[in-house]
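Examining the three-dimensional arrangement
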Amino acid sequence: MCAAVNSPSHCSNNLHVKCRNDTYPRSKVVRTKVPDDKVDWSVNFPEYAPVVYTSDSVKKKPEWADDDYTEPNFSAKWNEVDGNVDRRSFLGKYDLTTEGIPINPKGRTGIKGRGCLGRWGPNHAADPIVTRWKMEDDKPVLKNGKRVAQFISVQRKDNGQWALPGGMVDPGEEVTETVRREFGEEALDSMNLSGAEKEKMEAVIDEFFHNGTVIYKGYVDDPRNTDNAWMETVAMNFHDDKGTGVAKFSLNAGSDAVGVQWLDISKTLELYASHADFIRRTAQHLDAYWE
């Protein structure tokens, strides 16, 4: 069972920014410039003519991706649970284009298609925020009278930015399963452990990830977002209050990361996508130092 923070967990009304960068990630495709006052679909923007881009890796039809909507046999149940794929958005019902594909509910991004995202519409992820108290000489570190919290962050291989060790929710998978799996693979490199070591680690992880607090549930301002495909996530905090569980594990970066470490929580952090906002919410939840 997972608790929820008192403040609303749905997406804020802020404009998305990181998905209006100049060049689409992992490509040379340049986005159409979208001024702040033209992001909302309700604002007239007659000259808006973004390029259509779906990466070659998605076009190869891996199991985690939809077919192209132009294919004769393609069908999808938008805004519903479609077989084992959840096509519902945390933001509510999304509209469709005249071609019958989803429209990003947060507005224009400067590019159409799916980019490097697999699903048309919402692509669901889960982000574990694993925290502990920073200690020195067996005493909690205080700043401005508040304890300093630390969280596990991984350095992404694709862009070098620090991020939460999250990942995509597999079809039919529960969010709690995703956060356990992704944390083990990205922060602890559990894939390369021996059988006995892996069993011991998984026992601790299973107990630790049994209870968590939902910090955020909603849209992610992700640089991969397009007009027709976007990221949404459930970010959950798992706090090792006594520092005797996961906090004692050795950190080893998995295949999708080049580094992993405990980072002090503070407002000066620069993190991937919307992760800094998730950390701010976590500091509020823990009543930890944030200045």
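The following paragraphs examine the structure supplied in this document.

What counts and how
Residues numbered from 1 in each chain as written. Predicted model: local features only at pLDDT ≥ 70, side-chain atom pairs only at ≥ 80, totals over all residues. Heavy atoms only, no water. Helix = DSSP H or I, 4+ residues; strand = E, 2+ residues; numbered from the N terminus. Rg over C-alpha atoms; globule rule 2.2 N^0.38 Å. Buried < 20%, exposed > 50% of the residue type's maximum accessible area, 1.4 Å probe, protein only. Contact = heavy atoms within 4.5 Å. Areas by Shrake-Rupley, 256 points an atom, 1.4 Å probe, with all protein chains shown as cover. Lys, Arg positive; Asp, Glu negative; His and termini not counted. Charge placed at Lys NZ, Arg CZ, Asp CG, Glu CD. Salt bridge = Lys/Arg side-chain N within 4 Å of Asp/Glu carboxyl O. Core = buried A, V, L, I, M, F, W, Y, C linked by side-chain atoms within 4.5 Å. Pairing = 2+ DSSP bridges. Phe/Tyr/Trp six-rings, centres within 6.5 Å; stacked < 30°, edge-to-face > 60°. Lys NZ or Arg CZ within 6 Å of the ring centre and 35° of its normal.

Looking now at the overall build of the chain. A count of helices and strands for the chain gives 4 helices and 16 strands. On C-alpha atoms alone, the chain measures out to a radius of gyration of 20 Å, which is about the 19 Å that the 2.2 N^0.38 rule sets for 291 residues. Dimensions of the chain, computed from the C-alpha atoms along their principal axes, are close to 65 × 45 × 35 Å. When burial is assessed residue by residue, the chain has 49% of its 291 residues classed as buried. A sequence separation of at least 24 residues applies to 71% of the contacts in the chain between residues at least 6 apart. Element-wise, carbon and sulfur atoms account for 47% of the exposed surface of the chain, whose accessible area totals about 15000 Å². Both charge centroids of the chain, one from 38 positive and one from 46 negative side chains, sit 3 Å from each other.

Turning next to the pattern of salt bridges. Here the structure, examined in full by the defined rule, presents 18 salt bridges. For the salt bridge of Asp170 with Arg181, the shortest nitrogen-to-oxygen distance reads 3.5 Å. Here Asp170, found in the loop between strand E13 (167-168) and helix H2 (175-187), pairs with Arg181, found in helix H2; they are 11 residues apart in sequence, far enough to count as distant. You can call Asp170 partly exposed: its relative accessible area is 37%. Residue classification places Arg181 among the partly exposed positions, given a relative accessible area of 22%. Here the residues in one salt-bridge network are Asp66, Asp82, Arg87 and Arg119, joined through shared partners.

Ranked by size, the top nonpolar core spans 32 residues in total, and within it Ile129, Ala149, Phe151, Leu164, Ile265, Phe278 and Ile279 carry the most contacts. Those elements that provide at least two residues to this core are strand E6 (121-133), strand E11 (149-156), strand E14 (212-219), strand E15 (229-240) and helix H4 (275-286). Ignoring sequence-local partners within four residues, the contact set of Ile279 consists of Ile129, Phe151, Leu164, Ile265, Leu269, Leu271 and Trp290. In terms of nonpolar packing, the next biggest core, distinct from the first, is built from 22 residues, Ala126, Phe183, Leu188 and Val260 among them.

As a further point, take the environment of Phe208. Here Phe208 lies in helix H3 (residues 195-208). Residue Phe208 is classed as buried on the basis of its relative accessible area of 14%. The sequence separation of Phe208 and Gly121 amounts to 87 residues, and the corresponding C-alpha distance is 32 Å. Dropping the residues within four chain positions of it, Phe208 is found in contact with Val130, Phe238, His239, Asp240 and Val246.

Our focus in this paragraph is the pairing of E15. Counting buried residues along E15, 11 of its 12 residues qualify, which places the element largely inside the surrounding structure. Where E6 meets E15, 12 bridges bridge the pair, whose relative direction is parallel. Across the sheet, the residue bridging to Asn123 is Met231, located in E15. With 6 bridges connecting them, E14 and E15 associate as antiparallel partners. Its bridge partner lying in E15, Gly218 is registered against Thr233.

Attention now goes to the packing of aromatic side chains. The final tally for this structure, using the stated rule, is 11 aromatic pairs. Ring centres 5.4 Å apart and planes at 55° place the aromatic pair Phe183 and Phe209 in the tilted group. Linking Phe183 in helix H2 with Phe209 in the loop between H3 and E14, this pair joins segments that are 26 residues apart in sequence. Overall, Phe183 belongs to the buried group, its relative accessible area being 0%. When the ring centre of Phe45 is taken as reference, the NZ or CZ atom of Lys38 above it lies at 5.1 Å. When the ring centre of Trp133 is taken as origin, the NZ or CZ atom of Arg147, which lies over that ring, is 3.9 Å away.

Structural measurements only, silent on function.
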